[in-house]
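Each chain is listed here by its residues.
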Amino acid sequence: MHKQHLPNYLRTHRKRHRVGQRHVAFLLGSKSGTKISRYEQFSRIPDLPTVFALEVIYGVPASELFAGIFDDARQKVEEHARHAIRGPDPMLAAFASLVLDPSARPPAKPTTTSS
Amino acid sequence: MKHSFDPNLCVLAIDPASRGLGYAVFEGPDALIDWGFRNIRRVRKDVRSVEYVEMLLRRYKPDVLVLESFDSDNHVHRSPRVLALLCAFTSAATKRGTRCERISRHAVRAVFASSNKYEIARKLAVRFPETKHWCPPPRKIWQSEDTRINIFDALALASTYFTVGPEFMQRRRAA
């Protein structure tokens with residue numbers, strides 16, 4: 001049986017960088033490390049801007065930082081895609097098959113320019 | 001000797017001491033997820049130690065809890081308090097359905113080919129560079145033991161578990 005990831009690996013990456021919760025809190029613009037502690041104890045999920053801020057702080061993609069949440073989201077989407085393939089809408093079925101087989105997807109065009 | 005492990009097998013290793021407990025959490029043999037020493041002193045320290053281990057079990061949901069072997073026939077020189085604490089950790093893990101494995105000090109020394117825990121700590125710090133700054137210097141004879149060594153004791157227990165493998169543990173249980 002494949003074991004699921006933890007909801008997030010914030011504590012692991014913080015410890016690898018040898019910084020305290022209050023240091024990360026300062027970089028996020030918070031006054032104390034309470035929020036960081038709650039994220040690390042999986043009792044609270046950060047909002048999207050905070051997720052990207054954490055990605056910048058630790059230099060790790062959000063999908064790796066929040067591996068458990070990412071796995072859950074992917075499983076749900078794949079389940080819905082499998083339903084869609086069996087459904088009556090051919091356009092949705094074609095798109096759902098692309099979701100299930102990303103290698104068949106055409107290369108994406110860049111939408112933003114890097115500075 | 002190689003053993004087949006689930007790459008995400010979650011192992012929690014705990015090494016209790018007089019002033020708290022050292023712990024290490026692994027997801028597979030090379031992925032160190034969390035480590036540290038929890039200071040637990042003075043009032044109700046046994047109860048608080050068990051509560052802390054229960055919290056770790058709740059947070060990480062490990063597949064295996066690894067503790068030091070504490071059979072009396074192995075001539076383990078640990079205080080009665082620590083032996084009782086190890087029993088309490090075992091029952092806390094069993095209550096949650098977590099398998100509990102015991103690794104003897106002899107097995108750890110055999111795996112690391114060393115009889116000195118500071119040497120073992122140095123080897124572990126090389127293997128897991130993120131723990132390097134926690135590695136304590138060898139203590140002088142007049143000094144008491146650095147609490148950070150308990151982190152490396154826990155790391156050594158988990159690493160030994162991954163090295164000797166579950167087959168060895170099953171054989172030992174059957175014997």
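Residues numbered from 1 in each chain as written. Chains lettered and ligands numbered in written order. Predicted model: local features only at pLDDT ≥ 70, side-chain atom pairs only at ≥ 80, totals over all residues.

Asker: Tell me about the overall build of chain A, and please be specific about residues and values.
Answerer: A tally of helices and strands in chain A yields seven helices and zero strands. Taken from the N to the C terminus, the helices and strands of chain A come in the order α-α-α-α-α-α-α. Dimensions of chain A, computed from C-alpha atoms along their principal axes, come out at roughly 55 × 40 × 20 Å. Taken over 115 residues, chain A has a buried fraction of 17%. (Helix = DSSP H or I, 4+ residues; strand = E, 2+ residues; numbered from the N terminus. Buried ≥ 20, exposed ≤ 12 C-beta atoms within 10 Å, placed from the backbone.)

Asker: Go over the overall build of chain B with me, naming the residues and quoting the values.
Answerer: On a plain count of helices and strands, chain B comes out with five helices and five strands. Along chain B, helices and strands appear, N-terminal first, in the series β-β-β-α-β-α-β-α-α-α. The buried share among the 175 residues of chain B stands at 37%. Considering only contacts within chain B whose residues lie at least 6 apart along the sequence, 66% involve residues at least 24 apart. (Contact = placed C-beta atoms within 7 Å.)

Asker: Account for unusual backbone geometry, naming residues and giving values.
Answerer: Residue and element names in this part refer to chain B. Residue R44 is not a glycine yet carries a positive backbone phi of 45°. Examined against the element boundaries, R44 turns out to sit in the loop between β3 (32–39) and α1 (45–60). Unusually for a residue other than glycine, K61 sits at a positive phi of about 45°. You can see K61 is positioned in the loop between α1 and β4 (64–68). K61 gets classed as partly exposed once you count the C-beta atoms within 10 Å, which come to 15.

Asker: Describe the domain arrangement of chain A, listing the residues and the values that go with them.
Answerer: What the domain assignment lists for chain A is domain 1 (10–62) and domain 2 (69–103). Computed over C-alpha atoms, the centres of domain 1 of chain A and domain 2 of chain A are 32 Å apart. (Domains from an automatic or database assignment.)

Asker: Can you explain the packing of α1(B) against helix α2 (residues 80–95) of chain B? Please cite residues and give values.
Answerer: Residues and elements named next belong to chain B. Between α1 and α2, whose axes approach to 10 Å, the crossing angle comes to 35°. Between α1 and α2 lies a crossing of right-handed hand. Contact residues: α1 offers D46, S49, V50, V53, E54 and L57, while α2 offers R81, L85, A88, F89, A92 and A93. The residue inventory of the contact of α1 with α2, partitioned by class, reads eight nonpolar, one polar and three charged. (Axes fitted to C-alpha atoms, helices over the stretch in contact; angles between N-to-C directions. Left-handed = near helix turned anticlockwise from the far one by under 90°. Nonpolar A, V, L, I, M, F, W, Y, C, P; charged D, E, K, R; others polar.)

Asker: Which residues make up the pairing of strand β1 (residues 10–17) of chain B, and what values do they have?
Answerer: All names here are of chain B. Along β1, eight of the eight residues are buried, which leaves the element largely enclosed by surrounding structure. Here β1 pairs with strand β2 (residues 20–27) via eight bridges, running antiparallel. Note on β2: the bridge partner recorded for A13 is A24. Linking β1 back to β2 in an antiparallel pair, the connection comprises two residues. (Pairing = 2+ DSSP bridges.)

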